[in-house]
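# Observations on chain architecture
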Amino acid sequence: MLKLLITSSLIVIISFLYLFYQQYIKVENRFEKYHSDPTLSNITDFDYVIIGAGTAGSVLSSRLSENPKIKVLVLESGVSNNDLIGIHFPLGFPKFTMNTSIDYDYKTISQPQLRNREIYMPRGKVIGGSSSVNANLYIRGHPLDYNEWNYLLFNNTSKNGNLSWSYKDMLKYFKKSEKHLSKNINRKYHGTDGKWKIKHTKDIIEEIGPLVNFNLTSVIINSLSNGLNIPIRDDPNELLPNEEELLEKGEGHSILESVSYHHHSIDENGRRHSLAEAFLDLETLKRPNLQIRTECIVKRILFTKNGKNENVASGVEYLNKRTNQLIKINVRKEVISSAGSIASPQILMVSGIGDKEELKKFNIPIISNLKGVGKNLHDHLLGAVIGKLKEGYTSLHSYESLWNLLQWIMQSSFNFLEFSMVRKLFPAAIPNSWKLFNVGAPHIQGFFKSKYAKENNQPYDLQIVSVPGFFVHHASIEYPGENGISIGVVNLQPKARGYISLRSNDTNDSPIIHGNYFGNEQDIKVLVDGISQIQKTFLQEPFKSMVKEFIFCSPHDYKTHDEIRECLTQMFTTLYHPTSTCKMGSENDEMSVVDEYCKVRGVKNLRVVDASIMPNVPRGNTNAPTAAIAEKAAEMILNEWNL
Ligand SMILES: Cc1cc2nc3c(=O)[nH]c(=O)nc-3n(C[C@H](O)[C@H](O)[C@H](O)COP(=O)(O)OP(=O)(O)OC[C@H]3O[C@@H](n4cnc5c(N)ncnc54)[C@H](O)[C@@H]3O)c2cc1C
């Protein structure tokens with residue numbers, strides 16, 4: 001008997017270790033392989049050097065290197081995305097990624113409208129960039145966002161040919177990157193053959209079904225729908241037939257207000273599916289024409305002159321942080337900055353591209369005098385109503401605990417070996433409720449209008465991001481033993497613009513970040529109105545009898561505009577969506593940094609492809625739009641070089 005017990009325990013332990021190895025260790029060294037070869041630094045004949053392996057850099061490098069004739073080098077300042085297991089645990093994103101070694105941990109300068117608070121601005125310093133540290137929400141924004149981009153780019157010129165950045169065109173690239181895992185998804189709006197895995201939270205909740213005493217999500221979704229008088233829908237990224245008609249008729253402002261379960265970038269095993277997991281998978285990394293060097297920070301872009309005396313990007317200088325070696329590398333075709341909305345403008349400026357008055361302060365020789373570099377910082381503004389729940393409601397109050405991480409590892413390991421037979425034969429062996437740890441922290445989202453958007457026939461301008469738990473100061477504050485509810489409200493279209501400027505001429509130093517949050521009175525009014533609408537839902541049943549105590553923006557204590565504004569001043573954060581600091585614009589727009597092909601104005605062979613080129617921030621989270629931009633840019637580049 002004892003023998004049997006020992007043998008079976010050994011089998012369980014060995015299987016577990018094997019699963020663990022398969023899931024985590026086996027892939028751990030994949031970037032190491034490309035970095036450790038000492039001869040790599042001598043290779044100088046790359047066609048493209050891409051700065052940053054974040055959302056955009058992962059997509060771009062993967063697509064360009066699909067052609068074996070093209071040699072691509074990616075320089076990434078951060079480490080491999082397999083260095084920290086916590087990265088893969090979607091629900092643990094605030095705990096395991098923010099404020100850790102894989103976060104740049106930026107802070108804005110003190111914000112005058114927020115009692116001089118410095119606002120924390122996380123960004124991923126790791127393969128996958130911010131898609132390796134984010135909340136995994138898959139949202140595309142409103143169709144009119146892209147139609148507006150297209151209008152801003154091409155309204156005053158006629159030289160765009162077939163190129164367009166409208167919703168219809170962007171939809172192609174959203175679909176191209178996507179591999180939606182839901183069986184019932186509308187293929188007119190979703191891709192199922194792409195690389196990036198997307199999962200519908202509703203599918204998981206339905207699978208768990210009545211087995212689980214977890215009723216909070218459905219209560220929240222129904223209460224928000226009733227309280228805000230907006231419908232529940234399955235998919236915020238698809239248009240219903242009547243909405244297609246309205247968009248066609250020029251009445252797109254009235255579509256898509258709704259509340260729904262989130263779609264998440266999470267794979268079938270419950271692991272984060274960052275753009276690196278999707279596009280820099282093992283097969284891609286085996287390509288001999290693609291090299292990715294981690295812990296290599298680009299210091300500046302190098303330029304030479306061509307026969308017409310134009311400045312041509314000819315390579316980059318970077319620091320190998322492991323060896324402390326400063327290395328110059330030449331490029332045959334182009335340098336592409338995909339370093340994100342904070343670092344791309346910084347890299348351009350230290351390389352001589354920016355407002356000449358600012359560059360002079362740091363004695364940086366001027367390559368192109370472009371006023372818009374670093375300007376137009378656009379971001380999403382987050383407030384919330386947060387409360388503690390009475391007995392009887394189960395929330396994710398301790399989702400950051402080690403026990404939950406362990407549950408998740410075991411759950412996803414079992415999924416990995418398709419242990420569904422085991423699940424069927426011994427249903428109690430793997431509690432179904434563990435599946436809840438396979439979705440992201442925010443389960444529910446919605447879009448609704450402020451009274452100002454309603455008055456002016458504008459599209460929705462507010463977003464709900466709801467966590468069945470506490471999301472207080474980036475989930476850094478815990479309430480042991482308590483269950484919570486957080487209904488975040490986001491102003492999606494703030495009017496104030498901030499900026500990025502240089503603190504020094506070294507890319508290793510954080511640049512100056514000024515979010516200019518609440519810099520426009522209307523931005524506050526819109527968010528106050530959003531909070532006030534959400535507070536009303538808390539005064540109705542069932543929310544009314546569920547909450548025992550409010551932590552932020554209580555509807556009983558913060559009622560007037562000034563009171564709600566006061567609450568927001570204390571608790572405001574960004575939703576981590578800085579964009580538009582190297583904005584794409586028409587040639588008539590003196591603040592535009594790149595043209596419609598993502599080419600930096602005033603120089604040759606240099607592009608920016610990342611969230612910084614968005615002409616305006618879309619009305620939704622920014623990861624999927626950034627991936628779509630990179631898909632589109634890759635296609636443009638390949639077409640242009642006739643490859
Ligand atoms: C905490 C958090 C939560 C978020 N949640 C969501 C969400 O749920 N859904 C959503 O849609 N969006 C979310 N976002 C936003 C989304 O992730 C970003 O908009 C998107 O990842 C931006 O992609 P990017 O390619 O522009 O930049 P990044 O993905 O940030 O990539 C930039 C890369 O460049 C590297 N780099 C920078 N400087 C240098 C240098 N000098 N040399 C070499 N490499 C360099 C960086 O290390 C990084 O890997 C979130 C962001 C954060 C930070």
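Residues numbered from 1 in each chain as written. Predicted model: local features only at pLDDT ≥ 70, side-chain atom pairs only at ≥ 80, totals over all residues.

Turning to the protein chain, the UniProt annotation filed under Cofactor (unreviewed entry) states: "FAD". Of the comments in the UniProt record for the protein chain, the one headed Sequence similarities (unreviewed entry) reads "Belongs to the GMC oxidoreductase family." (UniProt positions renumbered as here; feature names shortened; annotations may be inferred.)

## A few points about the overall build of the protein chain
Of the regular secondary structure elements, the protein chain holds 20 helices and 23 strands. For the protein chain, the proportion of its 643 residues judged to be buried stands at 53%. For the protein chain, the share of sequence-separated contacts (at least 6 apart) that also reach a separation of at least 24 residues comes to 72%. (Helix = DSSP H or I, 4+ residues; strand = E, 2+ residues; numbered from the N terminus. Buried ≥ 20, exposed ≤ 12 C-beta atoms within 10 Å, placed from the backbone. Contact = placed C-beta atoms within 7 Å.)

## Some words on the packing of helix 6 (residues 167-177) against helix 20 (residues 623-640)
At a minimum axis distance of 8 Å, the contact between helix 6 and helix 20 shows a crossing angle of 100 degrees. Here helix 6 lies roughly perpendicular to helix 20, going by the angle between them. Side by side, helix 6 and helix 20 meet where Met170, Tyr173, Phe174, Lys176 and Ser177 of the first sit next to Ala624, Ala627, Ala628, Glu631 and Lys632 of the second. Looking at side-chain class alone, the contact of helix 6 with helix 20 contains six nonpolar, one polar and three charged residues. (Axes fitted to C-alpha atoms, helices over the stretch in contact; angles between N-to-C directions. Parallel < 35°, antiparallel > 145°, perpendicular 65-115°, else oblique. Nonpolar A, V, L, I, M, F, W, Y, C, P; charged D, E, K, R; others polar.)

## Section: the pairing of strand 17 (residues 462-467)
Regular strands place their side chains on alternate faces of the sheet. When you tally the buried positions in strand 17, you get six out of six residues, the bulk of the element. Taking every second residue as pointing to the same face, both faces of strand 17 are buried, with Leu462, Ile464 and Ser466 on one and Gln463, Val465 and Val467 on the other. Bridging between strand 16 (residues 444-448) and strand 17 involves five bridges; their strand directions are antiparallel. Bridging across to strand 17, Ile444 finds its partner in Ser466. (Pairing = 2+ DSSP bridges.)

## What about the nonpolar core?
Counting 94 residues, the largest nonpolar core has Val49, Leu60 and Val609 as its most contacted members. Among the elements that line this core, the one with the most residues is helix 20, at eight residues. Aside from chain neighbours lying at most four places away, what touches Val49 is Leu73, Leu75, Gly315, Val316, Ile329, Val331 and Val335. Ile220, Leu256, Ala453 and Val490 belong to the second-largest nonpolar core, a separate cluster that totals 57 residues. (Core = buried A, V, L, I, M, F, W, Y, C linked by C-beta atoms within 7 Å.)

## Concerning the site of the ligand
Taken together, 43 residues surround the ligand, and among them Gly52, Gly54, Gly129, Asn621 and Asn623 come closest. Among the secondary structure elements, those contributing two or more residues to the shell around the ligand are helix 3 (55-64), strand 10 (296-305), helix 12 (340-350) and helix 20. Of the residues forming the shell around the ligand, the biggest block, four residues, is contributed by helix 12. A breakdown of the residues in the shell around the ligand according to their chemical character gives 18 nonpolar, 21 polar and four charged. (Near = placed C-beta within 6 Å.)

## Points about the sheet that holds strand 6 (residues 196-200)
Taken in spatial order, the three strands make up an open sheet running 5-6-8, and their pairing is mixed. Since the sheet does not close on itself, it has two edges, and those belong to strand 5 (178-180) and strand 8 (263-264), each with one partner.

## Considerations on the confidence of the model for the protein chain
When pLDDT is averaged along the protein chain, the result is 88, and 85% of the positions lie at 70 or above. Here residues 415-430 is a poorly scored stretch, pLDDT under 50, and it has 14 contacts once near neighbours within four places are set aside; other chains count. What the predictor reports for the complex is a pTM of 0.92 with an ipTM of 1.00. (pLDDT = per-residue confidence, 0-100.)

## Points about unusual backbone geometry
The omega torsion across Glu541 and Pro542 is 5 degrees, close enough to zero to call that bond cis. Relative to the helices and strands, Pro542 resides in the loop between helix 17 (521-538) and helix 18 (543-546). Located in the positive-phi region is Glu295, a residue other than glycine, with phi close to 55 degrees. Within the secondary structure, Glu295 is located in the loop between strand 9 (290-293) and strand 10. The class of Glu295 is partly exposed, set by 18 C-beta atoms lying within 10 Å. The phi angle at Cys598 is positive, at roughly 70 degrees, despite the residue not being glycine. For Cys598, the position within the fold is in the loop between strand 22 (573-574) and strand 23 (606-608).

## Quick look at the UniProt feature "binding site: FAD" (unreviewed entry) in the protein chain
According to UniProt, the positions carrying the feature "binding site: FAD" (unreviewed entry) are Val126 and Val298. With the annotated positions falling across 173 residues, the maximum pairwise C-alpha distance of 14.2 Å places them together in a single cluster. For Val126, the position within the fold is in the loop between strand 4 (120-121) and helix 5 (143-154). Given 31 C-beta atoms within a 10 Å radius, Val126 is considered buried. Apart from residues lying up to four places away in sequence, Val126 is in contact with Gly78, Val79, Asn81, Ile102 and Ser132. Locating Val298 in the fold gives a position in strand 10.

## Things to note about the packing of helix 3 against helix 20
If you want to describe how two helices pack, look at the angle between their axes and the distance between the axes. Running from N to C, helix 3 and helix 20 cross one another at 30 degrees; their axes reach a closest spacing of 8 Å. Between helix 3 and helix 20, the crossing angle belongs to the class labelled roughly parallel. In the crossing of helix 3 with helix 20, the sense of the turn from one axis to the other is right-handed. Contacts between helix 3 and helix 20 involve Thr55, Ala56, Val59, Leu60, Arg63 and Leu64 on the former and, on the latter, Asn623, Thr626, Ala627, Ile629, Ala630, Glu631, Ala633, Ala634, Ile637 and Leu638. Along the lines of polarity and charge, the residues of the contact of helix 3 with helix 20 split into eleven nonpolar, three polar and two charged. (Left-handed = near helix turned anticlockwise from the far one by under 90°.)

## Remarks on the UniProt feature "domain: Glucose-methanol-choline oxidoreductase N-terminal" (unreviewed entry) in the protein chain
With numbering aligned to this structure, UniProt lists the feature "domain: Glucose-methanol-choline oxidoreductase N-terminal" (unreviewed entry) at residues 124-147 and 340-354. Note that residues 124-147 is 21% helix and 0% strand, and that its end C-alpha atoms are spaced 30 Å apart.

## Comments concerning the environment of Glu277
Looking at where Glu277 falls in the secondary structure, it is placed in helix 10 (residues 275-279). On the neighbour-count criterion, Glu277 (25 C-beta atoms within 10 Å) is buried. Each C-alpha atom, one on Glu277 and one on Ile127, is 9.1 Å from the other, the two residues being 150 residues apart in sequence. With near-sequence residues (within four places) excluded, Glu277 lies in contact with Gly128 and Arg272.

## Describing the pairing of strand 1 (residues 46-51)
For strand 1, the tally of buried residues reaches six of six residues, placing the bulk of the element in the interior. The pairing of strand 1 with strand 12 (residues 325-337) spans five bridges and is classified as parallel. Looking across to strand 12, one finds that Val49 is bridged to Val335. The pairing of strand 1 with strand 2 (residues 72-75) spans four bridges and is parallel. By the bridge assignment for strand 2, Ile51 is matched with Leu75. Following the chain from strand 1 across helix 3 to the adjacent parallel strand 2, one finds a crossover that is right-handed. (Right-handed = clockwise from strand over helix to strand, strands pointing away.)

## Some words on the environment of Leu502
In this structure, Leu502 sits in the loop between strand 19 (499-501) and strand 20 (512-514). Its 21 C-beta neighbours within 10 Å are what place Leu502 among the buried residues. In this structure, the C-alpha to C-alpha distance between Leu502 and Phe362, residues 140 residues apart in sequence, is 8.5 Å. When sequence neighbours within four positions are dropped, the list of residues in contact with Leu502 reads Gln346, Met349, Val350, Glu358, Phe362 and Pro511.

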